[in-house]
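# Survey of secondary and tertiary structure
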Amino acid sequence: MAAPAASIYVRGVADLDFEKLVEDFYMPLYRFALSLSRQESDAADLTQQTFFLWASKGHQLRDASKVKTWLFTSLYREFLGRKRQQDRFVEGESNAEAIGAQTVPASVVNQLDGDIVQRALFALEEIYRAPLTLFYLQQHSYKEIAETLEVPIGTVMSRISRGKEQLRKALADSVGLTTSEKTKQRHE
Amino acid sequence: MNEQEARLILQAYRPGVDPDDPDVAAALEETARNPELARWFAEEQAFDRAIAAHLGNVPAPFGLKTRILAQLAPPAAPHRWSWAVKLAGVAALLFLLTQVVSLFRPAAPKAPVSNYAREMVSFIRLGGTLDMQSDDLGQIEEWLSKKEAPPRFVPPRLAALQPLGCRLLSFRGQTVTLICFKRDNDRLAHLFVVDRAALPQMKSGAPPVFAGVGDWMTASWVENDRVYMIAVQGDRAAVQHYLPSA
């Protein structure tokens, strides 16, 4: 899938249409923010703050083709800054043993309630959640994900791989829970 | 390239999004030779499409785009004027500013507070749910204390109303406490409290700053390094009625 608003890349940053920029990016930025903060109000504020930063500092960007990465990187830095302020940043690279492959067929995922998938995705450890959300937003190549999160490409690829494993496990658990809940309801 | 390496590469590959670099090409060739790998890759792609579709259906809050556009201006275009012209412009601007400031002093700064008022009123206009519902102000204050929300005092005339509950919002990275009260005729009154760091232009001891947002009127003031804001539907007199100084 092509990145949105390809037409805005043909000129300099000063020529960008602010309203179009908001139109093109506020939804994916909000979804990324929601996956990071897991709170709607925080996600909305992070999205607003990102455009506020763009309004005050965006002119410093020389290369208009980097606008998308600039916006996502700014949002991610803002999130990390706030998280550090809250003194809750204690997650690290997981040393847990590799999770065994879980079989959650795509056909099952298609039929799952959107909230279940969202909860499973947002419940992942942050180091996997951020790259995986950008991966599934389908607007960033893995090179751009690496630039946005400021980690090497190899790290992005391994985190996507491990993140997917965690997601599959969470979805498998959700499917199992849902099935047992339904069985329980039938017996009641 | 063995099957494990191919899987690692293909797991992070989305046709049409990621470039077809030599590693991807080699991994794709491997799928042509290995039917099990091909089957796995097809399932992987279907799984990715399903998750992406779910994520793509997550809605943004109603009015978010409007709020962004209403409050922010586009970045200033970089100019290519000479230094002399820039300096002359700055000097003229400084002169103008001093004249304007002298005219309006000591009026309170309006733009940042009006932004804050507009954003907070937009939240209550959306009619979102409260984080905690109770008609007992003590319980609400206890809940807020547990959440380490900004310390607050409730103006006596608001405290005399029936509380409905509270919610935590965010403004420029600062937590905002919102407490809702029921007025007569099913109308509401809202009290917002945020750390003054969110609105540093607000001065302690200054008279309340009034800002109208549609049919809502807000009054904001500083007390103990917190910015308090009351919002009610009505005119200036309606909100003034609830001020501590009323």
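Residues numbered from 1 in each chain as written. Chains lettered and ligands numbered in written order. Predicted model: local features only at pLDDT ≥ 70, side-chain atom pairs only at ≥ 80, totals over all residues. Heavy atoms only, no water.

### Examining the confidence of the model for chain B
All names here are of chain B. For clarity, the threshold we go by: pLDDT measures the predictor's confidence residue by residue and takes values from 0 up to 100. In this description a helix means any DSSP run of H or I spanning at least four residues, a strand means any run of E spanning at least two, and both kinds are numbered starting from the N terminus. For this analysis, residues touch if any pair of their heavy atoms sits within 4.5 Å.
In the predicted model, chain B carries a mean pLDDT of 80, and the fraction of residues at 70 or more is 81%. Taking the mean pLDDT of every element in chain B, the minimum, 58, falls on helix α5 (residues 83-104) and the maximum, 92, on strand β7 (residues 226-233). Here residues 73-81 is modelled with pLDDT under 50, and outside its nearest four sequence neighbours on either side it reaches 13 contacts, counting other chains as well.

### As for the sheet that holds strand β1 (residues 132-133) of chain B
Residues and elements named next belong to chain B. Applicable threshold: Think of it this way: DSSP has to see at least two bridges between two strands before they count as a pair. Here, axes are lines fitted to C-alpha atoms. For helices the fit covers the stretch in contact, and angles between N-to-C directions go from 0 to 180 degrees.
Spatially, 7 strands are ordered β1-β2-β3-β4-β7-β6-β5 in an open sheet, and the strand pairing comes out antiparallel. If you trace the sheet from one side to the other, it starts and ends with β1 and β5 (209-213), each paired once. Against the sheet, helix α7 (residues 137-146) makes contact with β1, β2 (162-171) and β3 (174-182), and its axis sits at roughly 20° relative to β2, the strand it touches most.

### So, the side chain of B:E30
Residues and elements named next belong to chain B. Heads up, the condition is: Any residue under 20% of the maximum accessible area for its type is buried, any over 50% is exposed, and the rest in between are partly exposed; the area is computed with a 1.4 Å probe on protein chains only.
Within the secondary structure layout, E30 lies in helix α2 (residues 22-33). Relative accessible area serves as the criterion here: at 14%, E30 is assigned to the buried category. Setting aside anything within four residues of it in sequence, one finds E30 in contact with M1, A6 and L37.

### What about empty space enclosed by the protein?
What counts is decided by this rule: Within this scheme a cavity is a closed region of a 1 Å grid, computed over the protein atoms alone, that accommodates a 1.4 Å probe without allowing it to escape, whereas a pocket is open but has protein on both sides within 12 Å along at least five of seven lines; lining residues each have an atom within 4 Å of a point. Grid points are joined across faces, edges and corners, and a volume is the space filled by probe spheres set on the points. Gly counts as polar in this scheme, as do all residues outside two lists: the nonpolar Ala, Val, Leu, Ile, Met, Phe, Trp, Tyr, Cys and Pro, and the charged Asp, Glu, Lys and Arg.
Counted according to the given criterion, the structure contains 1 cavity of 30 Å³ or more. Its boundaries defined by the atoms lining it, the largest cavity holds a volume of some 40 Å³. Every residue lining the largest cavity is listed: A:G114, A:V117, A:Q118, A:L121, A:F122, B:I51, B:H54, B:L55 and B:V58. At the level of elements, α5 (114-122) of chain A together with α3 (35-56) of chain B are the ones that each hand at least two residues to the lining of the largest cavity. When residues of the lining of the largest cavity are assigned to their parent elements, the largest contribution, 5 residues, is made by α5(A). Residue composition of the lining of the largest cavity, grouped by class: 6 nonpolar, 3 polar and no charged.

### Considerations on unusual backbone geometry
Residue and element names in this part refer to chain B. You will see that E148, though not glycine, has its phi angle at about 55°, which is positive. With respect to the helices and strands, E148 occurs in the loop between α7 and α8 (156-159). Despite not being glycine, N224 has its phi angle at roughly 50°, a positive value. By the secondary structure assignment, N224 is in the loop between β6 (216-223) and β7. Owing to a relative accessible area of 68%, N224 belongs among the exposed residues under this scheme.

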